[in-house]
Amino acid sequence: MLKDNINYLRIGEVAKRINKTTQTIKSWYGWAEFTGNKEILGELPTIYRFDKRGTRYFKESDIPQLEKWYNKYISYGTMSDYLKAKKK
């Protein structure tokens, strides 16, 4: 989707490009909020919503930032407390 000369991609397209699922990316944002750490939250790219359905979009140029964030903050077991709390 091109808007104001900026290419935006749906979350599903971004997920395919970085070899993750849309649910995984959504969980990253949920976990970042769960931690309450402003540094962790601040390094995530902004999610844009342009339609009534609330479809999540990312700037194409933000994909490297998302991958960098993942490599910096996410490792095996990092989100376990969040995922347990989410299930309750």
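Just above, that's the structure.
All values reported here derive from a predicted model rather than from experimental measurement. (Residues numbered from 1 in each chain as written. Predicted model: local features only at pLDDT ≥ 70, side-chain atom pairs only at ≥ 80, totals over all residues. Heavy atoms only, no water.)

1. A few points about unusual backbone geometry
Rule in force here: A helix here means a DSSP run of H or I that spans at least four residues, while a strand means a run of E at least two residues long, and both kinds are numbered starting from the N terminus. Buried, partly exposed and exposed residues are distinguished by accessible area as a fraction of the type maximum, computed with a 1.4 Å probe on protein chains only: under 20%, between the cut-offs, and over 50%, respectively.
Even without being a glycine, Asp4 presents a positive backbone phi close to 50 degrees. Tracing the chain through its elements places Asp4 in the loop between β1 (2-3) and β2 (6-10). Although it is not a glycine, Asn5 adopts a positive phi angle of roughly 60 degrees. Relative to the helices and strands, Asn5 resides in the loop between β1 and β2. Asn5 sits in the exposed class, given a relative accessible area of 75%.

2. Considerations on helix α4 (residues 63-73)
Defined as follows: As used here, the arc is the angular range of directions from the helix axis to the C-beta atoms.
Those residues of α4 not exposed but buried are Ile63, Leu66, Trp69 and Tyr73. Considered in projection along α4, the buried side chains sweep an arc of 120 degrees and stay on one side of the axis. Exposed side of α4, more than 90 degrees from the buried face: Pro64, Lys68 and Asn71 are the residues found there.

3. So, the packing of helix α1 (residues 11-18) against helix α2 (residues 22-35)
When two helices pack together, their arrangement is given by the angle between the helix axes and by the axis-to-axis distance. Rules: Every axis in this analysis is a line fitted to C-alpha atoms, fitted for helices over the stretch in contact. Angles between the N-to-C directions lie between 0 and 180 degrees. What sets the label is the angle itself: under 35 degrees gives roughly parallel, over 145 gives roughly antiparallel, 65 to 115 gives roughly perpendicular, and the rest give oblique. Residues are treated as being in contact if the distance between any of their heavy atoms lies within 4.5 Å. Classes in brief: Ala, Val, Leu, Ile, Met, Phe, Trp, Tyr, Cys and Pro nonpolar; Asp, Glu, Lys and Arg charged; the others, Gly included, polar.
At their nearest, the axes of α1 and α2 sit 8 Å apart, and the two run at 100 degrees to each other. Between α1 and α2, the crossing angle belongs to the class labelled roughly perpendicular. Residue-level inspection shows Ile11, Gly12, Val14, Ala15 and Ile18 of α1 in contact with α2, the latter providing Thr22, Ile25, Lys26 and Trp28. A breakdown of the residues in the contact of α1 with α2 according to their chemical character gives six nonpolar, two polar and one charged.

4. Quick notes on the pattern of salt bridges
Oppositely charged side chains are able to pair whenever their charged atoms sit close together. Stated precisely, the cut-off is as follows: A pair is scored as a salt bridge if a Lys or Arg side-chain nitrogen falls within 4 Å of a carboxyl oxygen belonging to Asp or Glu.
Scanning the entire structure with this criterion turns up three salt bridges. For the salt bridge of Arg17 with Glu60, the shortest nitrogen-to-oxygen distance reads 2.7 Å. On the criterion of sequence distance, the pair formed by Arg17 in helix α1 and Glu60 in the loop between β4 (56-59) and α4 is long-range, its members being 43 residues apart. Assessed through its relative accessible area of 28%, Glu60 is described here as partly exposed. Between Lys72 and Glu39 there is a salt bridge, with its nearest N and O atoms 3.9 Å apart. You can see Lys72 sitting in helix α4 and its partner Glu39 sitting in helix α3 (residues 38-42), a full 33 residues away along the chain.

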